[in-house]
Amino acid sequence: MNTNKILTWAIIFWLTLQSATAAYTEVNCDTNSAFTENSCKQCFDWWEKWEWEAFWFLSDIFSNKTWNSKLIYKEEQTMPNMVNLGGDKSTWSQTPSSEDFWEYTTDFDALYSKEQEAYVVPAWTDVKWLQSKMGYAYKLDKNTVPKWENVGLLVYTVASHDLVNGEVSVDTAEHKECVLFKSGSPSIVQTPTVVEKQEVKKLPQTWPEHIVLFALSLLLALWLFGLKRKNV
């Protein structure tokens, strides 16, 4: 039983570590037209994405790099969205659905001020304020975009107000962060013929899906082993 618990927590820790260390690479917003066309203020690059690939454990950090506190109302926020950049050559979906995909973090909720009736991020403070829920993912359902061309742009937008000497600015400052995804090699589907007897195959599943399947199979094996020991 103790061994099962240790292995279970080791798997969970490993999965968490993988998601935590997979940080976006910040780039200059002038490096790609997709950033300027979407009015991005802070820009990141996140490598290639393949057809049928799903990815999750998404989050955003709000950085207040000013001398003033920033006040945030949840009512003013727009949840992040994936912008399809491949036209009719690519399509994105949210798994299991787009409903309730995002949630505020406990770190962000801890910043609530009863006096201001809003969330206050102190000057020179970073806070992970938003994250995707456990088990929710974006999925690239279709991709025939040429390799290295733009296929998607994940846009995080936060609306805030300056808080100076207890006074809240009426002007809303909008900070838009964008994460760019490029196309991996598009899937090539060959039409099977009677002579060659070829099978149409999909690209391999991505590492997160393999990890989850491995973890589930391992936990099932451990549970069956423990059940067998009890019945002996």
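All figures in this text were calculated on a predicted structure; none of them were measured in a lab.

Novice: Before we go on, may I ask you to explain the pairing of strand S2 (residues 42-49) in this structure?
Specialist: Successive side chains on a regular strand alternate, one facing one side of the sheet and the next facing the other. Relative to S2, strand S1 (residues 25-27) runs antiparallel, the two sharing 3 bridges. Paired with Glu26 across the two strands is Phe44, which belongs to S2. Bridging between S2 and strand S15 (residues 173-183) involves 6 bridges; their strand directions are parallel. Its bridge partner being in S15, Lys49 is matched across the sheet by Ser183.

Novice: Looking at this structure, I do not really get the side chain of Gln116. What am I missing?
Specialist: Inspection of the secondary structure assignment puts Gln116 in the loop between strand S9 (112-113) and strand S10 (118-121). When neighbours within four sequence positions are excluded, Gln116 is seen to be in contact with Leu71, Tyr73, Leu163, Gly166 and Val168.

Novice: Honestly, the environment of Lys142 in this entry has me stumped. Any pointers?
Specialist: Tracing the chain through its elements places Lys142 in strand S12 (residues 137-143). Relative accessible area serves as the criterion here: at 34%, Lys142 is assigned to the partly exposed category. Spatially, the C-alpha atoms of Lys142 and Ser93 are 9.6 Å apart, while their sequence positions differ by 49 residues. Those residues within four positions of Lys142 in sequence are excluded, and the remaining contacts are Glu51, Asp88, Lys89, Ser90 and Thr91. There is a polar contact of 2.6 Å between the side chain of Lys142 and the backbone oxygen of Asp88.

Novice: How do you make sense of the sheet that holds S12 when you look at a structure like this?
Specialist: Across a sheet, paired strands are connected by hydrogen bonds in the backbone, their directions being either parallel or antiparallel. Taken together, 3 strands build an open sheet; the order of strands is S3-S12-S7 and the sheet is antiparallel. Strands at the two margins of the open sheet, each flanked by one partner only, are strand S3 (54-55) and strand S7 (90-95).

Novice: Help me understand the side chain of Ser113, please; the structure alone is not making it clear to me.
Specialist: By the element assignment, Ser113 lies in strand S9. Assessed through its relative accessible area of 17%, Ser113 is described here as buried. Within the structure, the side chain of Ser113 is placed 3.2 Å from the backbone nitrogen of Gln116, a separation counted as a polar contact.

Novice: Just checking my understanding: could you explain the sheet that holds strand S11 (residues 125-132) for this structure?
Specialist: Pairing within the open sheet is antiparallel, and its 3 strands lie in the order S4-S11-S8. Whereas interior strands pair on both sides, the edge strands pair on one side only; in this sheet they are strand S4 (59-64) and strand S8 (102-104). Strand-to-strand twist of the sheet, defined as the mean angle between neighbouring strand axes without regard to direction, takes the value 30°. Relative to S11, S8 is paired through 3 bridges, and the arrangement is antiparallel. Across the sheet, the residue bridging to Trp102 is Ser132, located in S11.

Novice: Sorry if this is basic, but what is going on with the state of the cysteines here?
Specialist: Note: disulfide means a covalent bond formed between the sulfur atoms of two cysteine side chains. Going through the model one piece at a time under the given rule, you end up with 2 disulfides. The disulfide partner of Cys29 is Cys43, and the S-S distance across this bridge is 1.9 Å. Here the S-S torsion is close to 105°, and the disulfide linking Cys29 with Cys43 is therefore right-handed. Of this pair, Cys29 sits in the loop between S1 and helix H2 (33-37) while Cys43 is found in strand S2, placing the two residues 14 residues apart along the sequence. Of the two residues, Cys29 and Cys43, neither departs from the other in class, the shared state being buried. Between the sulfur atoms of Cys40 and its disulfide mate Cys178 the distance is 2.0 Å. Taking the torsion about the S-S bond as the criterion, the Cys40 to Cys178 disulfide, at about -90°, is left-handed. Highlighted residues: Cys40 in the loop between H2 and S2 and Cys178 in strand S15, separated in sequence by 138 residues. Relative accessible area serves as the criterion here: at 0%, Cys178 is assigned to the buried category. By sequence-ordered numbering of the bonded cysteines, the protein chain has its disulfides arranged as 1-3, 2-4.

Criteria and cut-off values
- Residues numbered from 1 in each chain as written.
- Predicted model: local features only at pLDDT ≥ 70, side-chain atom pairs only at ≥ 80, totals over all residues.
- Heavy atoms only, no water.
- Pairing = 2+ DSSP bridges.
- Helix = DSSP H or I, 4+ residues; strand = E, 2+ residues; numbered from the N terminus.
- Contact = heavy atoms within 4.5 Å.
- Buried < 20%, exposed > 50% of the residue type's maximum accessible area, 1.4 Å probe, protein only.
- Polar contact = N/O pair within 3.5 Å; in protein donor to acceptor, adjacent residues only side chain to side chain.
- Axes fitted to C-alpha atoms, helices over the stretch in contact; angles between N-to-C directions.
- Disulfide = S-S within 2.5 Å.

The values are spatial; any link to function lies outside them.
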